[in-house]
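The primary structure of each chain is shown beneath.
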Amino acid sequence: MNALPNMIDKETGQGLPRYNLRAANHGPGDFELEVWQVPSNGTPYLKKPLRIAGLRGRNLALIEHRVLRLLAKGGVQLGSLKKNDQAHYTLSEDLALNLGLLFRTLAPMRNRENMRMVADGIEAMGKEEAAYWLGMAMHRKYPRRVLMALRFLLIDPKARMKE
């Protein structure tokens, strides 16, 4: 496991939230990625790691190239994992928010074209917008409604008519 430094915001001098990416290989074609928020000075209410989101199997395989590209931009290089291996990586806040929202939104989806449109929309989001939607999905009484609203906004109905 990587050493997780206690990051300090240069402008305010306050501790920042810290995030981990946990990667696991469960077997051939069964890869899993999870985003976790870990306790830090910036999150004093957090006493143990909190799972933000995860994706595994077919849905991850459909967007794996996008995730790897986002991780590479963030300076995270996933090594090759053997069966039943796990690895932990430190993520920046921006990357953790985008991946967490992407994983939560895509997890129940089945239509490939709709998944592509939602992934495009989430990748185009800025930090504030992704934080807003992820916060709504994590802290509302009915998070499925929030995620469905986001999917509804990001899926172009005209694209389905062209088929």
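Note that the structure is predicted; figures quoted are calculated from it, not measured. Within any chain, residue numbers begin from 1 and follow the written order of that chain's sequence. Whole-chain, interface and lining totals are the exception, using all residues; otherwise, since this is a predicted model, local features are given only for residues with pLDDT of at least 70 and side-chain atom pairs are given and counted only at 80 or more. Only hydrogens and water are set aside; all other atoms, that is, all heavy atoms of the structure, feed into the side-chain values.

Engineer: Pulling in residues and values, what's your account of the overall build of the protein chain?
Structural biologist: Counting its regular elements, the protein chain contains 6 helices and 4 strands. Secondary structure elements are taken from DSSP: a helix is a run of H or I of four residues or more, a strand is a run of E of two residues or more, and numbering for both begins at the N terminus. Ordered by position from the N terminus, the helices and strands of the protein chain form the series β-β-β-α-β-α-α-α-α-α. Residue burial is assigned from relative accessible area. The probe radius is 1.4 Å, only protein chains are included, and a residue is buried under 20% of its type maximum, exposed over 50%, and partly exposed in between. Burial analysis of the protein chain (163 residues in total) assigns 43% to the buried set. In the protein chain, the share of contacts with a sequence separation of at least 24, taken over all contacts with a separation of at least 6, comes to 60%. Total accessible area on the protein chain is roughly 9800 Å²; 53% of this is exposed by carbon and sulfur atoms. Note on contacts: a residue pair qualifies if any of its non-hydrogen atoms lie within 4.5 Å across the two residues. Each accessible area is a Shrake-Rupley result for a 1.4 Å probe, and residues are judged covered by the shown protein chains and nothing else.

Engineer: Give a description of the side chain of arginine 151 that names residues and reports values.
Structural biologist: With respect to the helices, strands and loops of the structure, arginine 151 is situated in helix α5 (residues 143–154). All tallies of charge rest on Lys and Arg as positive and Asp and Glu as negative; His and the ends of each chain are not included. A pairing counts as a salt bridge when a side-chain nitrogen of Lys or Arg comes within 4 Å of a carboxyl oxygen of Asp or Glu. Of the side chains bearing the opposite charge, glutamate 129 lies closest to the buried arginine 151, which forms no salt bridge; the N-O distance is 15 Å. Looking at arginine 151, its side chain comes within polar contact range of the main-chain oxygen of threonine 105, at 2.9 Å. In this view, arginine 151 contacts Arg104, Thr105, Pro108, Met109 and Val118; residues no more than four positions away in its chain are not counted. Two N or O atoms form a polar contact when they lie within 3.5 Å of each other; inside protein one atom must be a possible hydrogen donor and the other a possible acceptor, and for residues adjacent in sequence the pair counts only when both atoms belong to side chains.

Engineer: Provide a residue-level description of the packing of helix α1 (residues 58–73) against helix α2 (residues 93–106), including the pertinent values.
Structural biologist: A packed helix pair is summarised by two numbers, namely the angle formed by the two axes and the spacing between the axes. Axis angles are defined between N-to-C directions and span 0 to 180 degrees, where every axis is a line fitted to C-alpha atoms and, for a helix, only to the segment in contact. As a packed pair, α1 and α2 sit with axes 12 Å apart at the nearest point and diverge in direction by 170 degrees. Regarding the angle of α1 to α2, the classification is roughly antiparallel. Contacts between α1 and α2 pair Asn59, Ile63, Val67, Leu70 and Leu71 from the former with Leu95, Leu99, Leu102, Phe103 and Leu106 from the latter. Its residues placed into classes, the contact of α1 with α2 shows 9 nonpolar, 1 polar and no charged. Note on terminology: angles under 35 degrees are roughly parallel, angles over 145 are roughly antiparallel, angles of 65 to 115 are roughly perpendicular, and the others are oblique. For this classification, the nonpolar set comprises Ala, Val, Leu, Ile, Met, Phe, Trp, Tyr, Cys and Pro, the charged set comprises Asp, Glu, Lys and Arg, and every other residue, Gly included, is treated as polar.

Engineer: Please provide a residue-by-residue account of the sheet that holds strand β4 (residues 86–91), values included.
Structural biologist: Pairing is antiparallel across the open sheet formed by 4 strands, whose spatial order is β3-β2-β1-β4. Since the sheet does not close on itself, it has two edges, and those belong to β3 (50–56) and β4, each with one partner. Neighbour-to-neighbour, the strand axes of the sheet open up by a mean angle of 20 degrees, direction not taken into account. At least two bridges found by DSSP between two strands is the condition for calling them paired. The sheet contact formed by strand β1 (residues 18–27) and β4 spans 6 bridges and is antiparallel. Bridge assignment links asparagine 20 to a residue of β4, and that residue is threonine 90.

Engineer: Describe the environment of proline 157, with residues and values.
Structural biologist: Here proline 157 lies in helix α6 (residues 157–161). Sequence separation between proline 157 and asparagine 114 is 43 residues; the distance between their C-alpha atoms is 9.4 Å.

Engineer: Before we move on, could you go through the environment of phenylalanine 152 and cite the residues and values that matter?
Structural biologist: Position of phenylalanine 152 relative to the elements: it lies in helix α5. By relative accessible area, which is 66% here, phenylalanine 152 ends up exposed. For the pair phenylalanine 152 and asparagine 114, spaced 38 residues apart in the sequence, the C-alpha separation amounts to 9.7 Å.

Engineer: If you had to explain the nonpolar core to someone new, which residues and values would you point to?
Structural biologist: Of all hydrophobic cores here, the largest spans 44 residues; its most connected members are Val67, Leu91, Leu99 and Phe103. Considering each element in turn, this core owes the most residues, 8 residues, to α2. In contact with valine 67, not counting residues within four places along its chain, are Leu33, Leu60, Leu99, Leu102 and Phe103. We call a set of buried residues a nonpolar core when its members are Ala, Val, Leu, Ile, Met, Phe, Trp, Tyr or Cys and they connect through side-chain atoms within 4.5 Å of each other.

Engineer: Tell me about the packing of helix α3 (residues 112–124) against α5, and please be specific about residues and values.
Structural biologist: Between α3 and α5, the least distance of the axes is 9 Å, while the angle of their chain directions is 95 degrees. Viewed along their axes, α3 and α5 adopt a mutual orientation that is roughly perpendicular. In this structure, α3 contributes Met117, Val118, Gly121 and Ile122 to the contact, and α5 contributes Leu150, Arg151 and Leu154. Of the residues in the contact of α3 with α5, the class split is 5 nonpolar, 1 polar and 1 charged.

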